[in-house]
Amino acid sequence: MSVQYDLEGQQRVYEKWAPIYDAVYHKFLSDAHSRTAAAAARCGKDILEVGVGTGLILRYYPVSCNIYGVDLSEHMLSKAVEKVRELRLGNVKLLASMDACRLGFADASFDAVAVPFVITLVPNPEGALDEIRRVLKPGGEIVVTSKLGADDGIVPKVEEVLAPLMKKVGWSSHFKVSRLERWAERHPDMEFVGVEPVFPAGFFKLVRIRKRG
Ligand SMILES: C[S@@+](CC[C@H](N)C(=O)[O-])C[C@H]1O[C@@H](n2cnc3c(N)ncnc32)[C@H](O)[C@@H]1O
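Please read all numbers here as calculations on a predicted model, not as lab measurements.

A. Representation of the packing of aromatic side chains within the structure. Across all of its chains, the model carries 9 aromatic pairs by this definition. Both rings, one in Trp17 and one in Tyr21, keep their centres 6.1 Å apart while their planes meet at 80 degrees; by these two values the pair is edge-to-face. Classification of Trp17 as partly exposed rests on a relative accessible area of 26%. Judged by centre distance (5.0 Å) and plane angle (85 degrees), the rings of Phe105 and Phe110 are edge-to-face. One exposure class covers both Phe105 and Phe110, and it is buried. A network of ring pairs unites the aromatic residues Phe28, Phe117, Phe203 and Phe204 as a single cluster. Its guanidinium or amino end placed over the ring of Phe203, Lys147 lies 4.6 Å from that ring's centre, counting from NZ or CZ.

Listed below in structure tokens is the structure:
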């Protein structure tokens, strides 16, 4: 299966999700979304959101920030465009169709790159992180929020037991936090800052990785 095929598969999946995504996820993800925006905004004013989807996070960024959102799915993006218009989000400077692994921005363009609920879907997550690192300014941060599996303690065992149920509702814990940690360790200019549990009860996690200044 080629990467190209996977990307087309993702586009088909999100064409179906676009009309119903907000009704399903708006409330459930609001804690994760607001905290992702806050963590990104603490780094500075120029923020890229990779996998911006229907734009549910856009309302949470301070008006002083310049937000650039990219996504693979035109159908999800058109919902984000509607939201920007309806909510008059003048700080959203660009919404564009782009693959996380091929970002059309110059090196060191952003103070923060938010990566909410997308890294586990990318066929080559390390390739996406490499590209995100390229467009991040020194001193900036990558903020990854997702359903990430725990690596040690009792939690991985509970996740294993719950895996069949989670699969039915479209969630998985296969992508572990340690995968992000290993990627950061391979790059001397990157520093794994830490993991924060996010509602509900740490089911989602927010990971921060900093580019040394
Ligand atoms: C679960 S949705 C999350 C949307 C939004 N970030 C949120 O938290 O509500 C995943 C989004 O990632 C996008 N996506 C998947 N693979 C991608 C890729 N390789 N590059 C850019 N976006 C991608 C999908 O089109 C979809 O809009």
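B. Main features of the layout of surface pockets. Estimates place the volume of the largest pocket at around 930 Å³. Lining the largest pocket are 43 residues, with Gln10, Tyr14, Phe117, Val118 and Leu121 positioned closest to its centre. The set of elements that each furnish at least two residues to the lining of the largest pocket consists of helix 1 (3-17), helix 2 (21-25), strand 1 (46-50) and strand 2 (66-71). For the lining of the largest pocket, the element with the most residues is helix 1, which contributes 6 residues. Split into classes, the residues belonging to the lining of the largest pocket amount to 25 nonpolar, 13 polar and 5 charged.

C. Spatial organisation of the site of the ligand. Taken together, 20 residues lie around the ligand, and Tyr21, His33, Gly51, Asp71 and Pro116 are the ones closest in. Measuring from a nitrogen atom of the ligand, one finds a backbone N or O atom of Leu72 at 3.3 Å. The separation between a nitrogen atom of the ligand and a polar main-chain atom of Ala100 is 2.9 Å. When the ligand sits alone it has 600 Å² of accessible area, and the protein chains cover 97% of it. The cavity that encloses the ligand is the largest pocket. Tallying contributions element by element places helix 1 first for the shell around the ligand, with 3 residues. Here the residues of the shell around the ligand are counted per class, giving 13 nonpolar, 5 polar and 2 charged.

D. Up close: helix 5 (residues 125-135). Among the 11 residues of helix 5, 8 are classified as buried, and the element is accordingly described as predominantly covered. Residues of helix 5 that are buried include every one of Pro125, Glu126, Gly127, Ala128, Leu129, Glu131, Ile132 and Val135, and no others. Against the buried residues of helix 5 lie strand 1, strand 4 (110-116), strand 5 (136-146) and helix 7 (177-185).

E. Up close: the environment of Gly202. Along the chain, Gly202 falls in the loop between strand 6 (190-198) and strand 7 (204-211). Separated by 54 residues in sequence, Gly202 and Leu148 have C-alpha atoms that sit 9.6 Å apart.

F. A look at a negative patch on the surface. A surface patch of like charges, here negative, comprises Asp151, Asp152, Glu181 and Glu185. Checked against the element boundaries, Glu181 lands in helix 7.

G. Inspection of the pattern of salt bridges at higher detail. For the structure shown, the criterion picks out 12 salt bridges. One salt bridge in this structure joins Asp111 and Lys137, with 3.2 Å as the shortest N-O distance. Taken together, the residues Asp111 in strand 4 and Lys137 in strand 5 connect sequence positions 26 residues apart. For Asp111, a relative accessible area of 13% translates into the label buried. The partner of Glu141 in a salt bridge is Arg208, and the shortest N-O contact between them spans 2.7 Å. Placement of the pair is Glu141 in strand 5 and Arg208 in strand 7, with a sequence separation of 67 residues. With a relative accessible area of 8%, Glu141 lands in the buried category. Members of the salt-bridge network, linked through shared partners, are Lys45, Asp46, Asp111 and Lys137.

Quick notes on the rules
Residues numbered from 1 in each chain as written. Predicted model: local features only at pLDDT ≥ 70, side-chain atom pairs only at ≥ 80, totals over all residues. Heavy atoms only, no water. Phe/Tyr/Trp six-rings, centres within 6.5 Å; stacked < 30°, edge-to-face > 60°. Buried < 20%, exposed > 50% of the residue type's maximum accessible area, 1.4 Å probe, protein only. Lys NZ or Arg CZ within 6 Å of the ring centre and 35° of its normal. 1 Å grid on protein atoms, 1.4 Å probe; cavity = no way out; pocket = protein on both sides within 12 Å on 5 of 7 lines; lining within 4 Å. Points joined across faces, edges and corners; volume = space filled by probe spheres on them. Helix = DSSP H or I, 4+ residues; strand = E, 2+ residues; numbered from the N terminus. Nonpolar A, V, L, I, M, F, W, Y, C, P; charged D, E, K, R; others polar. Near = heavy atom within 4 Å. Polar contact = N/O pair within 3.5 Å; in protein donor to acceptor, adjacent residues only side chain to side chain. Areas by Shrake-Rupley, 256 points an atom, 1.4 Å probe, with all protein chains shown as cover. Sits in = over half its atoms within 2 Å of the grid points. Contact = heavy atoms within 4.5 Å. Patch = residues over 30% accessible without salt bridge, like charges linked within 9 Å, V, L, I, M, F, W, Y side chains within 5 Å. Salt bridge = Lys/Arg side-chain N within 4 Å of Asp/Glu carboxyl O. Lys, Arg positive; Asp, Glu negative; His and termini not counted. Charge placed at Lys NZ, Arg CZ, Asp CG, Glu CD.

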